[in-house]
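Close look at the chain arrangement
Chain by chain, the residues run as shown.
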Amino acid sequence: MINQDFLQTLATANGVSNLELDVLVLAMNGDSTTAIAQKLKISEDAVRKRLSEVYRKFKIPGNGPVKLTKLQQLLVSQYQQYLAQNSSDSPSSRQQDINPYQIWSGAPDVSDFYGRTEELATLDQWIFSDRCRIVALLGMGGIGKTYLSVKLAKQIQEQFEYIIWQSLHHSPSIKDVLANVITVLSYPQKIDLPEALDQRVSLLINYLREHHCLLVLDAVEIVLDSSAAFWRYNNELEGYGILLRRLGEEQHQSCLLMTSIEKPREIALLESSTGFVRSLEVKGLKPEAAKQILQSKGLTGEQQWSELIQTYRGNPLALKIVATTIQDVFSSNVNEFLKYEFLVVSDMFREILDWQFKRLSNPEKEIMYYLAKENNLVSVQNLQQALQQLITTSELVMALESLGWRSLLEKVQSHNEDTSETLFSLQPVVKNYVNKLMALPRKENRHE
Ligand SMILES: Nc1ncnc2c1ncn2[C@@H]1O[C@H](COP(=O)(O)OP(=O)(O)O)[C@@H](O)[C@H]1O
Ligand SMILES: [Mg+2]
């Protein structure tokens, strides 16, 4: 049986209200909807509504009564994990005499993780040797930021008192996130949460000073509002900027690890290669690791794998998707697939790119349209000449910088005799997307 205090903490950490918790407790005891309605003196409809909220908050998929079973399994397994950690005889917990407490809401299972040894070593060093207060993992959709954050957190979990892994996919309000985190960190104490955002952040920072915590915020791009030329937050979500700034500037012994497609303004302002705030640009998998993905999909035609991997820039999500197409349509043979010169840009990618494209300013869009048509690498000067009727030089430079922050550009340094300049291009999947966009009637689809 699950301890009530534990259930309460877990419920709060997942944003479940007390009213919803009352229904959950009775449902877990096996009471029917009718019985619950009678006991709590509410309608059966209200019971169903509260339960469905609970399922939603715990991210239980599916339909019907199976959901309750699934939720029960989830709660029991989290409780067992908690008990195991707290009674663990492992040397590290004895030695440090701590109660590692962990929340992994929405974290994927990373048992099929390949490669990334260098990134993991760098991140380990930043977090432990260099005591970074914020580490941002940045890169395009599907490149493996979320996976890397979970793998890293699992790998270093023993060295923290608390690990709280929180996805922002459902754009929770900053106040709710802070409330959840503080509830976990203050457990089993019951504290009065201050209403004001600044005070909540201060309270959190107090806990982060007292304890060694790893806080992971996944998919931070969701709470960034950059439809304007420069980064702003949605009103509702503005507090995330305050949180990032204060966690980066103030002293504490914890670390915020975050993932995002776009670089938040606060990170751009605070980061330096030797400071307490750093960002790692997550690139595609190295060929060896990418090959393991293709191998796990049972593909053949190994001589051509490198070409396939290069086309998709080692993006693991893109490779998994294209591998499935090759399995289904080309008898798993990469050679057969490559005979047809086309790119697989799945709906999943199109959605990510649609989302990204809608956020671009006009100068950014013009640059993307131009780069999509070009087959060569392009210099700032080329761009300036080509686009001078459309955008000013300062708009061009600002837009190039922000496109970089949005993980949309490929850059290479060219070294001539005594000069070095940056050349820009788009990777094939992005190029293909933009060209298709341009081929569509302007009004409907070019987000103008
Ligand atoms: N290191 C890796 N090894 C194997 N598969 C990976 C790895 N990184 C990512 N993937 C695969 O790619 C998918 C996308 O990765 P994810 O971390 O969700 O990308 P992002 O967060 O950057 O959008 C994952 O669901 C997983 O299947
Ligand atoms: Mg992700």
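Just so you know, these numbers come straight off a predicted model, no measurement behind them.

Further remarks concern the overall build of the protein chain. The secondary structure content of the protein chain amounts to 22 helices and 11 strands. A compact globule built from 448 residues would reach a C-alpha radius of gyration of about 22 Å, and the protein chain, at 24 Å, matches this within 12%. For the protein chain, the spread of C-alpha atoms along the principal axes amounts to about 75 × 50 × 50 Å. In the protein chain, which comprises 448 residues, the proportion classed as buried is 48%.

With parallel pairing, the 6 strands of this open sheet are ordered in space as 1-3-4-7-2-8. With one partner strand each, in any of the chains shown, strand 1 (101-105) and strand 8 (277-281) form the two edges of the open sheet. Neighbouring strand axes in the sheet, compared pairwise and without regard to direction, differ in orientation by 15° on average. Pairing geometry for strand 1 and strand 3 (residues 162-167), over 5 bridges, is parallel. Each residue of the ladder has a partner; that of serine 105, found in strand 3, is glutamine 166.

Here helix 7 (residues 117-129) crosses helix 8 (residues 145-155) at 60°, and the two axes come no closer than 11 Å. Here helix 7 lies oblique to helix 8, going by the angle between them. The chirality of how helix 7 crosses helix 8 is right-handed. Counted together, Glu119, Leu120, Leu123, Asp124 and Ile127 of helix 7 and Leu148, Lys151, Leu152 and Gln155 of helix 8 form the full contact between these two elements. Residues that form the contact of helix 7 with helix 8 fall into these classes: 5 nonpolar, 1 polar and 3 charged.

As a further point, take the packing of aromatic side chains. What the rule picks out here adds up to 8 aromatic pairs. With a centroid separation of 6.1 Å and 40° between ring planes, the pair formed by phenylalanine 357 and tyrosine 369 is classed as tilted. Note that phenylalanine 357 is positioned in helix 17 (residues 347-358) and tyrosine 369 in helix 18 (residues 362-373), a separation of 12 residues in sequence. Classification of phenylalanine 357 by relative accessible area gives buried; the value is 2%.

Calculation notes
- Residues numbered from 1 in each chain as written.
- Chains lettered and ligands numbered in written order.
- Predicted model: local features only at pLDDT ≥ 70, side-chain atom pairs only at ≥ 80, totals over all residues.
- Heavy atoms only, no water.
- Helix = DSSP H or I, 4+ residues; strand = E, 2+ residues; numbered from the N terminus.
- Rg over C-alpha atoms; globule rule 2.2 N^0.38 Å.
- Buried < 20%, exposed > 50% of the residue type's maximum accessible area, 1.4 Å probe, protein only.
- Pairing = 2+ DSSP bridges.
- Axes fitted to C-alpha atoms, helices over the stretch in contact; angles between N-to-C directions.
- Parallel < 35°, antiparallel > 145°, perpendicular 65-115°, else oblique.
- Left-handed = near helix turned anticlockwise from the far one by under 90°.
- Contact = heavy atoms within 4.5 Å.
- Nonpolar A, V, L, I, M, F, W, Y, C, P; charged D, E, K, R; others polar.
- Phe/Tyr/Trp six-rings, centres within 6.5 Å; stacked < 30°, edge-to-face > 60°.

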